[in-house]
Amino acid sequence: MSALLSFSSIFAHSELTRFLLPTQSRLQLSSLTRHPHRPGLKFGASRSLNVRCCSTMPLQNQSSNPSSSQLQDSLFYSRAFWVTKSIIAWNVDAGDGECYLYASRKAALCVADDEIQGHDVKIKLERTNCGLPQQVIEKFPHIRDYAAFELPATLNFQSLVKCQLAVGIFNSDGRCTSATGLQLPGILDELFSYTGPLGAVFATEAVSLYLWAPTAQAVQALIYKSPSEADPVEIVQLKELDGVWSAKGPRHWEGCYYVYEVSVYHPSTLRIEKCVSNDPYARGLSADGRQTLLVNLDSDDVKPDGWDNLQNEKPNLLSFSDVSIYELHVRDFSANDPSVPHEIQGGYFAFTLQDSAGVQHLKRLSSAGITHVHLLPTYQFASVEDEKHKWKHIDIEKLNSFPPDSEEQQALITAIQNEDGYNWGYDPVLWGVPKGSYASNANGPCRIVEFRKMVQALNRMGLRVVLDVVYNHLHASGHFDDFSVLDKIVPGYFLRRNADGGIENSTCVNNTASEHFMVERLILDDLKCWAVHYKIDGFRFDLMGHIMKRTMLKAKSLLNSLSIDKNGVEGSSIYIYGEGWDFGEVANNGRGTNASQFNLFGTGIGSFNDRIRDALLGGSPFGHPLHQGFVTGLYLEPNGHELGDKANVERMLTVSKDHIQVGMAANLKDFVLTNCDGKEVKGSEVLMHDRKPVGYASSPIETVNYVSAHDNETLFDIISLKTPKDISVEERCRMNHLATSVIALSQGIPFFHAGDEMLRSKSIDRDSYNSGDWFNRLDFNYNSNNWGVGLPPKEKNERNWPLIKPRLADPSYKPQKSHILAAVENFSNLMRIRYSSPLFRLRTANAIQERVRFHNAGPSWIPGLIVMSIEDGHQGVPGLSQLDPIYSYIVVIINPCPTAVSFANLALRAKSLELHPVQMNSTDDVKNSTYDASSGCFNVPARTTSVFVEPR
């Protein structure tokens, strides 16, 4: 039977009322620009975002006798929740009044004459005093205290959810005192959760389309022969079964393009809208991003030579503890590399060249030990046109003509920043399609083929590939924005909404709701697509804390289940990690147990360790930029910024050292060490300024240690900002190296921002997401680190310009090529040391607790000095097992002091320690480090990390 059922069948005992044509007010959507919750709003602020307006005060509390106009306006809110077939939850006191549910197939509901008019169906609800069932509270914890209203069991729910819906409270006089729309995810999950095929499915003789859209009244597919054609060659009506719309077409559809036209009630306009949208399961797109390409990813036509055998060519990975990560933006890699042909600069294909400067650098890193390249977003995002001829450009010679502290560069860059070819890409449109702007041709399957060639090339360099996935939000919402997809298909379902029905925006904009079944399913299906069809080796989850822990565990299980026999990939070698920040509406499990740092304990999923970052650099990305830390001169070389008296500052240094030592022990919750007060404590008992624990991980693979990433200033820039003005550039370079050494030699997963190893600068730009190629340049020829290319863009940096300007103007701050070459050598040596012994990559918490010790502990003998030892066992000797066939004992000494230090310890006497051969053969001052066995005394140069080993 057709989905367009007559309303006489919706409710067996319905109270049908007069059908009135309303004079209904309509919400005019405003184009609002969202401001970032955190540093790093990732998309152009000039792009309008259509956001529901929302109130923070329930209507029923605003007036005891609301007017009809107030009640009419209340229909623009969705303050009631249809949580199960039988229950609607609403935070309202019905008193002695009665509650009704109203439905209108034509979206004609309005409030007039103290009643709700324009409905096709009116259903009486019964208030229950039992509250919401436990399973509802678990699914929707933020409405746990709402009143529960029961519905009759005889409703035709499938038809009701396609209507405009509202509930109203009527007092004993029959006057409407409160009204609101409904949020439907609860009933949609209960009735329409679906595990069958979605998207385009290719068979031998046919192509089938499947779309999950249970609230849609009609769906048709418009088929186009090419994206340049204005009119479709075919219009196909899809048929519905249990909320899934489908159609079957001929196999020659392959290579064509299509869009869906979905007729659906949209709560943002209170209308039935005809929404034109891409397929949420799109695997290819037209160059303008407005049509979905019908492409079969299993076709040999879109596979590079040798693609099916790539799994056998991937570099070995014995354990996730062996992972080390290098974070890189696709465009940064080659956009300014003169050794790359102009036509492929900034794109996927640049990774396939054998002799470019960038490829040679990646090979060098791979040879030193780096295992994974983490690529910033490569899915289809909104902020860069895929058609390169539409980009605007700036004359580089003109930019080069300005002084290093000039405002002119940033003014020219920002004037075209939303029309050039640059953006980080944290503004997703479609998760499952490679970004077209990185391909040589954005039409057709070219982006697919070139993306695969990039993965293949990186794997053959010895590097596995991590994708940065942004499942926590979408760029657009609403019924008419070209970049809106999911909110056109099932309005109000895919995006997380607040108590009034407005879209939550704590991530930046348009938060998604992974707690809803089909949102979670889309995420899982997308991960599987990238893992199987693009042979991706890892996933970094942006704002992972906004995703439910359940979803992350399912993702881990799904990926782990992939096998070479069934899927052509080894899923057990796919590593997942992300940002476990806990804020916004999900904080403290506000929408269910979320994937925050503390909640991920025991999961084997990694999260970024901000504790070690802040302790090393000082303060936080949100604090004063001059706040110093362990490597930037705290206590040891004050920069004049007021932090209290000398005793207080020394205390800050010793506390920072505790935080770093916990981090070097993989930030384990239960790792026992001696703190700065001389007490034995666990990692979870070392506390941050807000009294939250420093240690939270159960195993080393749950901690991703880092000191810089794409967000915030580069490592070299923040060091240049925080250190005293009168120190030399050589000293700042050593601080850069000291910071990376802590990360490289810690237990856990080390993570490095591309360019950390080259003293990379963005001219002190704290948020370069949209700062163009100019501020984001990487020079793999090592001629420049990009320091002093003008004041960074005004929007995010103007407040700090008074601090930045004199530093950029001072030529003594700028590193020379010799400094950059030394930094690259030092970084490579650190990685060689890390991979010279499995003792730096212990696999279990027990192994770390048994083998890792910190010696300059308690009330510090030498302020700031960190001395870590790692012990191995001996074959055939009781006690520790032997892990390293070469070294039996390692001592790492980290000296942040501006002078050389001597450190003696009785526990380290009479050992056969010698400087690590990599450092012994280095050109760095580290080669002057010494150890005296008779006294157990070590001598370490200023701002140096020395590694001593005991050969077997």
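In this text, all values refer to a predicted model and were calculated from it rather than measured experimentally. Counting from 1, residues in each chain are numbered in the order their sequence is written. It should be noted that, the model being predicted, local features are given only for residues of pLDDT at least 70 and side-chain atom pairs only at 80 or more, the latter also being counted only at that level, while totals for whole chains, interfaces and linings use all residues. Think of the side-chain values as coming from all heavy atoms in the structure, minus any hydrogens and water.

## Points about the overall build of the protein
Inference 1: Along its length, the protein carries 23 helices and 40 strands.
Inference 2: The burial tally for the protein puts 64% of its 952 residues in the buried class.
Inference 3: Excluding contacts between residues fewer than 6 apart, the proportion of contacts in the protein whose partners are at least 24 apart in sequence is 73%.
Inference 4: For accessible areas, the Shrake-Rupley method is used with a probe of radius 1.4 Å. Any residue's cover is judged against the shown protein chains and nothing else. Of the roughly 33,600 Å² that the protein leaves accessible, carbon and sulfur atoms contribute 49%. Strands are runs of DSSP state E lasting at least 2 residues, helices are runs of H or I lasting at least 4, and numbering of each runs from the N terminus. Exposure is judged per residue with a 1.4 Å probe applied to protein chains only, and the accessible area is read against the type maximum: over 50% gives exposed, under 20% gives buried, and values in between give partly exposed. For this analysis, residues touch if any pair of their heavy atoms sits within 4.5 Å.

## Looking at the nonpolar core
Inference 1: Formed by 232 residues in total, the largest nonpolar core has its most connected members in Trp82, Leu101, Trp212, Leu362, Phe539 and Phe541.
Inference 2: If one sorts the elements of this core by residue count, helix H11 (residues 517-533) sits on top with 10 residues.
Inference 3: Leave out the neighbours within four places in its chain, and Trp82 touches Ile87, Ile88, Leu101, Leu151, Phe157, Leu160, Leu165, Leu182, Gln183, Leu184, Gly186 and Ile187.
Inference 4: What is meant by a nonpolar core is a set of buried Ala, Val, Leu, Ile, Met, Phe, Trp, Tyr and Cys residues, joined one to another through side-chain atoms within 4.5 Å. If you look at the next biggest cluster of nonpolar residues, it comprises 17 residues, including Leu317, Tyr575, Trp581 and Phe583.

## What about the packing of helix H17 (residues 729-744) against helix H21 (residues 817-834)?
Inference 1: Between H17 and H21, the least distance of the axes is 10 Å, while the angle of their chain directions is 20 degrees. One way to sum up the angle between H17 and H21 is to call them roughly parallel. Crossing angle aside, the handedness with which H17 passes H21 is right-handed. Facing Val729, Glu730, Cys733, His737, Thr740, Ser741, Ile743 and Ala744 of H17, the residues of H21 in contact are His819, Asn826, Phe827, Leu830, Met831 and Arg834.
Inference 2: By residue class, the composition of the contact of H17 with H21 is 7 nonpolar, 5 polar and 2 charged. For helices, the axis comes from a line fit to the C-alpha atoms of the stretch in contact; other axes are also lines fit to C-alpha atoms, and the angle between any two N-to-C directions lies between 0 and 180 degrees. In this scheme, roughly parallel covers angles under 35 degrees and roughly antiparallel covers those over 145, while 65 to 115 is roughly perpendicular and the rest are oblique. Whether a crossing is left-handed or right-handed is set by the direction in which the near helix is turned from the far one by less than a right angle, anticlockwise for left-handed and clockwise for right-handed. Lys, Arg, Asp and Glu make up the charged group, whereas Ala, Val, Leu, Ile, Met, Phe, Trp, Tyr, Cys and Pro make up the nonpolar group; the residues left over, Gly among them, are polar.

## Details of the environment of Asp386
Inference 1: Examined against the element boundaries, Asp386 turns out to sit in the loop between strand S23 (379-381) and helix H7 (396-400).
Inference 2: Along the backbone, Asp386 and Tyr438 are 52 residues apart, and their C-alpha atoms lie at a distance of 7.7 Å.
Inference 3: Here Asp386 is in contact with Ala287, Gln380, Lys435, Gly436, Ser437, Ala442 and Arg447, once residues within four sequence places are set aside.
Inference 4: Within polar-contact distance, the side chain of Asp386 engages the side chain of Lys435 at 2.7 Å. For the purposes of these results, a polar contact is taken to be a pair of N or O atoms within 3.5 Å, where, inside protein, one atom must be able to donate a hydrogen and its partner to accept one; residues adjacent in sequence count only when each atom of the pair is a side-chain atom.

## Overview of helix H15 (residues 646-664)
Inference 1: Working rule for helices: expected span equals 1.5 Å times residues minus one. In this model, H15 (19 residues) spans 27 Å end to end at C-alpha, consistent with the 27 Å of a helix rising 1.5 Å per residue.
Inference 2: Listed as buried for H15 are Val649, Leu653, Thr654, Ser656, Lys657, Asp658, His659, Ile660, Gln661, Val662, Gly663 and Met664.
Inference 3: Remark: Ala666 follows H15 within two positions and exhibits a positive phi of approximately 65 degrees.

## Examining the UniProt feature "domain: Glycoside hydrolase family 13 N-terminal" (unreviewed entry) in the protein
Inference 1: The residues that UniProt annotates with the feature "domain: Glycoside hydrolase family 13 N-terminal" (unreviewed entry) are residues 197-282.
Inference 2: Spanning residues 197-282, this segment combines 0% helix with 59% strand, and its end C-alpha atoms are found 13 Å apart. UniProt positions are given in the numbering used here, feature names are shortened, and annotations may be inferred rather than shown by experiment.

## Observations regarding the side chain of Gln164
Inference 1: Note on placement: Gln164 falls in strand S10 (residues 164-170).
Inference 2: Side-chain polar atoms of Gln164 contact the backbone nitrogen of Ala108, separated by 3.3 Å.

## Quick word on the packing of aromatic side chains
Inference 1: Centre distance within 6.5 Å is the pairing criterion for rings of Phe, Tyr and Trp, where only the six-membered ring of Trp is used; planes under 30 degrees apart are then read as stacked, over 60 as edge-to-face, and the remainder as tilted. Under the counting rule described, the total for this entry stands at 37 aromatic pairs.
Inference 2: Measuring from ring centre to ring centre gives 4.8 Å for Phe752 and Phe827, while their planes differ by 90 degrees; the resulting arrangement is edge-to-face. Of the two residues, Phe752 is situated in strand S32 (residues 749-753) and Phe827 in helix H21; the sequence distance between them amounts to 75 residues. Side by side, Phe752 and Phe827 carry an identical accessibility label, which is buried.

## Focus: the pattern of salt bridges
Inference 1: Salt bridges are defined by distance alone: a side-chain nitrogen of Lys or Arg within 4 Å of a carboxyl oxygen of Asp or Glu. Counted under the stated rule, the structure contains 42 salt bridges.
Inference 2: Across the pair Asp114 and Arg175 runs a salt bridge whose closest N-O atoms are separated by 2.7 Å. Of the two residues, Asp114 sits in the loop between strand S6 (110-112) and strand S7 (115-117) while Arg175 sits in the loop between S10 and strand S11 (176-183), which places them 61 residues apart along the sequence.
Inference 3: The exposure class of Arg175 is partly exposed, given its relative accessible area of 34%.
Inference 4: Close ionic contact of Arg766 with Glu713 constitutes a salt bridge, the shortest N to O distance being 3.6 Å. Pair noted here: Arg766 is in the loop between S32 and helix H18 (772-775) and Glu713 is in the loop between strand S31 (703-705) and helix H16 (715-722), with a separation of 53 residues, a long-range link. Assigned by exposure class, Arg766 and Glu713 land together as buried.
Inference 5: Connected through salt bridges with shared partners, the residues Asp468, Arg540, Asp542 and Glu579 form a single ionic network.

## Section: unusual backbone geometry
Inference 1: If you check the backbone angles, Asp242 has positive phi at about 55 degrees while not being a glycine.
Inference 2: Along the chain, Asp242 turns up in the loop between strand S16 (239-241) and strand S17 (244-250).
Inference 3: Of the residues examined, Asp242 reaches a relative accessible area of 53% and is grouped as exposed.
Inference 4: The backbone of Asn667 sits at a positive phi, close to 55 degrees, despite the residue not being glycine.
Inference 5: Residue position: Asn667 is located in the loop between H15 and strand S29 (672-674).

## Description of the side chain of Asn705
Inference 1: Residue position: Asn705 is located in strand S31.
Inference 2: On the accessibility criterion, Asn705 (0% relative accessible area) is buried.
Inference 3: Polar contacts involving the side chain of Asn705 include one to the main-chain carbonyl oxygen of Gln747, which spans 3.1 Å.
Inference 4: Apart from the residues lying within four places of it in its own chain, the contact partners of Asn705 are Asn609, Ile612, Gly663, Ile743, Ser746, Gln747, Ile749, Pro750 and Phe751.

## What about the sheet that holds strand S36 (residues 901-904)?
Inference 1: Criterion used throughout: strands pair if DSSP finds at least two bridges between them. Strand order in the open sheet made by the 3 strands is S36-S39-S38, with antiparallel pairing throughout. The open sheet is flanked by S36 and strand S38 (930-932), the only strands paired with a single partner. Strand after strand, the sheet turns through a mean of 15 degrees between neighbouring axes, direction not considered.
Inference 2: As paired strands, S36 and strand S39 (residues 937-940) are joined by 4 bridges and run antiparallel to one another. Within the sheet, the bridge partner assigned to Ser902 lies in S39 and is Asn939.

## As for the environment of Met548
Inference 1: In this fold, Met548 is placed in the loop between strand S26 (538-541) and helix H12 (549-561).
Inference 2: Owing to a relative accessible area of 4%, Met548 belongs among the buried residues under this scheme.
Inference 3: Residues Met548 and His516, spaced 32 residues apart in sequence, show a C-alpha to C-alpha distance of 9.8 Å.
Inference 4: Setting aside chain neighbours within four positions, we find Met548 in contact with Arg496, Ser514, Glu515, Val586, Arg591, Gly592, Thr593, Asn594 and Ala595.

## Focus: the pairing of S26
On a regular strand, each side chain points to the face opposite its neighbour's, so the side chains alternate between the two faces of the sheet.
Inference 1: Side chains Gly538 and Arg540 project from S26 onto one buried face, and the interleaved Phe539 and Phe541 project onto a second face that is buried too.
Inference 2: Bridge count between strand S25 (residues 464-469) and S26: 4 bridges; the pairing is parallel. If you follow Val466 over to S26, its bridge partner there is Gly538.
Inference 3: Two strands pair when backbone bridges link them, and S26 and strand S27 (residues 575-578) are joined in this way by 4 bridges, in the parallel orientation.

## Considerations on the sheet that holds strand S5 (residues 98-104)
Inference 1: A barrel is described by the order of its strands in space; here 7 strands give the closed sequence S3-S4-S9-S8-S5-S10-S11, paired in mixed fashion. Neighbouring strand axes in the sheet, compared pairwise and without regard to direction, differ in orientation by 35 degrees on average.
Inference 2: Across 4 bridges, the pairing between strand S4 (residues 87-90) and strand S9 (residues 147-150) is antiparallel. Looking at S9, one finds that Trp90 is bridged to Ala147.
Inference 3: Against the sheet, helix H4 (residues 185-192) makes contact with strand S3 (80-84) and S11, and its axis sits at roughly 20 degrees relative to S3, the strand it touches most.

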